[in-house]
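The lines below spell out each chain.
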Amino acid sequence: EAGVVQSPRYKIIEKKQPVAFWCNPISGHNTLYWYLQNLGQGPELLIRYENEEAVDDSQLPKDRFSAERLKGVDSTLKIQPAELGDSAVYLCASSRRGVNEQYFGPGTRLTVT
Amino acid sequence: KQEVTQIPAALSVPEGENLVLNCSFTDSAIYNLQWFRQDPGKGLTSLLLIQSSQREQTSGRLNASLDKSSGRSTLYIAASQPGDSATYLCAVNSNRDDKIIFGKGTRLHILP
C-alpha cells in the first residue's frame, strides 16, 4: 500500500508570509496526526483528527496555525504569519482507529528567514 | 503528565555487537509503546508496536520489551550492522489523557 504522502518536501519563506502543508494519509486510516519536530528533539503533536473531527488540538498555536481535514481524508496545515521560530520539520502520520500504530510521511522541512 | 526519557542520547558501537536502547516513562497507564527509527532528513519508520498487555515483540534482529510496572522499555538489536545507524525514538500512547509522547531519541552509530 502507498505510504503517507506529504508536500512540499522543502519550503523556504520570509517571516510574516503564509505557508501551507498538505498530507494524504494511508487509505483507510481514520486517524491523522500533525507533528512538529525540532532538531534533536522528538516529534510534538500539534493536532489529531479522527475522520474530519479535530479531537486534540490543545498544542496547536491557534493564533497563527490552522488545520483542516475536509471529507476526512487529506489534510492541510497552515501557518499565517510565519515566524522565525516556526522553522522545523512538520510531520504527518496516520493510523487505523483502535490500532494506533502510526505511519509517518517524509515530512516538510520549513525554513523561515 | 507523561514524560518519556531515552538514555543514552548517543551511542557508538562496533559492527557485529549486540546492543540495547532504553526508554523510560513516568506514567504506567498506557495503551501501547512504539519504537521508530529515523534516518537523517527522513520521516519516522515504525519498527515495533507493543500493546500494554504484551511483554515483548520481535521483528528480525529487533526485540522490544515492555515492563509497564517499572515504566521501561528496551529495544534490543542483535548483530548490529552499519545500516542500523540512525536515530531511534520511542513513543508512549497514554490512556490517561489519550496523548502520544515521544522521547528525544538515541542517535546510534555502528562503526564498520
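In case you missed it, the structure is sitting above this.
Everything in this summary refers to the structure shown in the same document. Keep in mind that this is a model prediction, so the values were computed, not measured. Along each chain, residue indices are assigned from 1 in the same order as the chain's sequence is written. Both sets of labels track the order of writing: A upward for chains, 1 upward for ligands. Two thresholds apply to this predicted model, a pLDDT of at least 70 for residue-level local features and 80 or more for giving and counting side-chain atom pairs, whereas whole-chain, interface and lining totals are computed over all residues. As a rule here, side-chain values come from all non-hydrogen atoms in the structure, and water together with hydrogens is ignored.

### Here we look at the overall build of chain B
For clarity, the cut-off: Secondary structure elements are taken from DSSP: a helix is a run of H or I of four residues or more, a strand is a run of E of two residues or more, and numbering for both begins at the N terminus. Atoms considered for the radius of gyration are the C-alpha atoms alone. The globule rule reads 2.2 Å times the number of residues to the power 0.38. Summary of the burial criterion: residues with accessible area below 20% of their type's maximum are buried, those above 50% are exposed, and those between are partly exposed, where the area comes from a 1.4 Å probe applied to protein chains only. Any two residues having at least one pair of non-hydrogen atoms within 4.5 Å are treated as being in contact. Each accessible area is a Shrake-Rupley result for a 1.4 Å probe, and residues are judged covered by the shown protein chains and nothing else. Positive charges are assigned to Lys and Arg, negative charges to Asp and Glu, while His and the chain termini are left out of the count. A single reference atom marks each charge: NZ on Lys, CZ on Arg, CG on Asp, CD on Glu.
What chain B contains, in helices and strands, is zero helices and eleven strands. Against the 2.2 N^0.38 benchmark of 13 Å for 112 residues, chain B shows a C-alpha radius of gyration of 13 Å, consistent with a compact globule. Across the 112 residues of chain B, 46% fall into the buried class. Pairs at least 24 apart in sequence give 55% of the contacts found in chain B among residues at least 6 apart. For chain B, the computed accessible surface area is about 5,300 Å², with 48% contributed by carbon and sulfur atoms. Each charge class in chain B can be summarised by its mean position, and for the 11 positive and 10 negative side chains these summaries are 4 Å apart.

### Here's the deal with the interface of chain A and chain B
In many analyses, interface size is given as the accessible surface area lost on bringing the parts together. Here is the rule we go by: When two parts are put together, the accessible area they lose, computed with a 1.4 Å probe and summed over both, is reported as buried area. Any carboxyl oxygen of Asp or Glu within 4 Å of a side-chain nitrogen of Lys or Arg constitutes a salt bridge here. Each residue gets one of three labels, nonpolar for Ala, Val, Leu, Ile, Met, Phe, Trp, Tyr, Cys and Pro, charged for Asp, Glu, Lys and Arg, and polar for the others, Gly among them.
Contacts between chain A and chain B engage 20 residues on the former and 19 residues on the latter. Counting each side, the surface lost to burial between chain A and chain B is near 1,500 Å², with a carbon and sulfur contribution of 44%. At the boundary of chain A with chain B, the tally comes to one salt bridge. One salt bridge connects Asp56(A) with Lys99(B), and the closest N-O pair in it is separated by 2.7 Å. In terms of residue count, the dominant contributor to the side of chain A that touches chain B is strand β4 (residues 31-37) of chain A (three residues). Residue composition of the side of chain A that touches chain B, grouped by class: seven nonpolar, eight polar and five charged.

### Quick word on the environment of Tyr35(A)
As a reminder, the rule being used: For the purposes of these results, a polar contact is taken to be a pair of N or O atoms within 3.5 Å, where, inside protein, one atom must be able to donate a hydrogen and its partner to accept one; residues adjacent in sequence count only when each atom of the pair is a side-chain atom.
Along the chain, Tyr35(A) turns up in strand β4. Put simply, Tyr35(A) and Asp86(A) are 51 residues apart on the chain and 12 Å apart in space, counted from C-alpha to C-alpha. Apart from the residues within four sequence positions on either side, Tyr35(A) is in contact with Pro43(A), Glu44(A), Leu45(A), Leu46(A), Val89(A), Tyr90(A), Leu91(A), Ala93(A), Gln102(A), Phe104(A), Ile100(B) and Phe102(B). Side chain to side chain, Tyr35(A) and Gln102(A) meet in a polar contact 2.8 Å long.

### Considering the pattern of salt bridges
Residues and elements named next belong to chain A. Summed over the entire model, instances satisfying the criterion amount to eight salt bridges over all chains. The closest approach of N and O atoms between Arg 64 and Glu 83, which form a salt bridge, is 3.3 Å. On the criterion of sequence distance, the pair formed by Arg 64 in the loop between β6 (53-56) and β7 (65-68) and Glu 83 in the loop between β8 (75-79) and β9 (88-95) is long-range, its members being 19 residues apart. Residue class for Arg 64 comes out buried when judged on its relative accessible area of 12%. Using a relative accessible area of 41% as the deciding quantity, one classes Glu 83 as partly exposed. Here Asp 86 ties to Arg 64 by a salt bridge, and the two come within 2.6 Å at their closest N and O atoms. One end of the pair, Asp 86, is in the loop between β8 and β9; the other, Arg 64, is in the loop between β6 and β7, with 22 residues separating them in the sequence. Residue class for Asp 86 comes out buried when judged on its relative accessible area of 5%. Here the residues in one salt-bridge network are Arg 64, Glu 83 and Asp 86, joined through shared partners.

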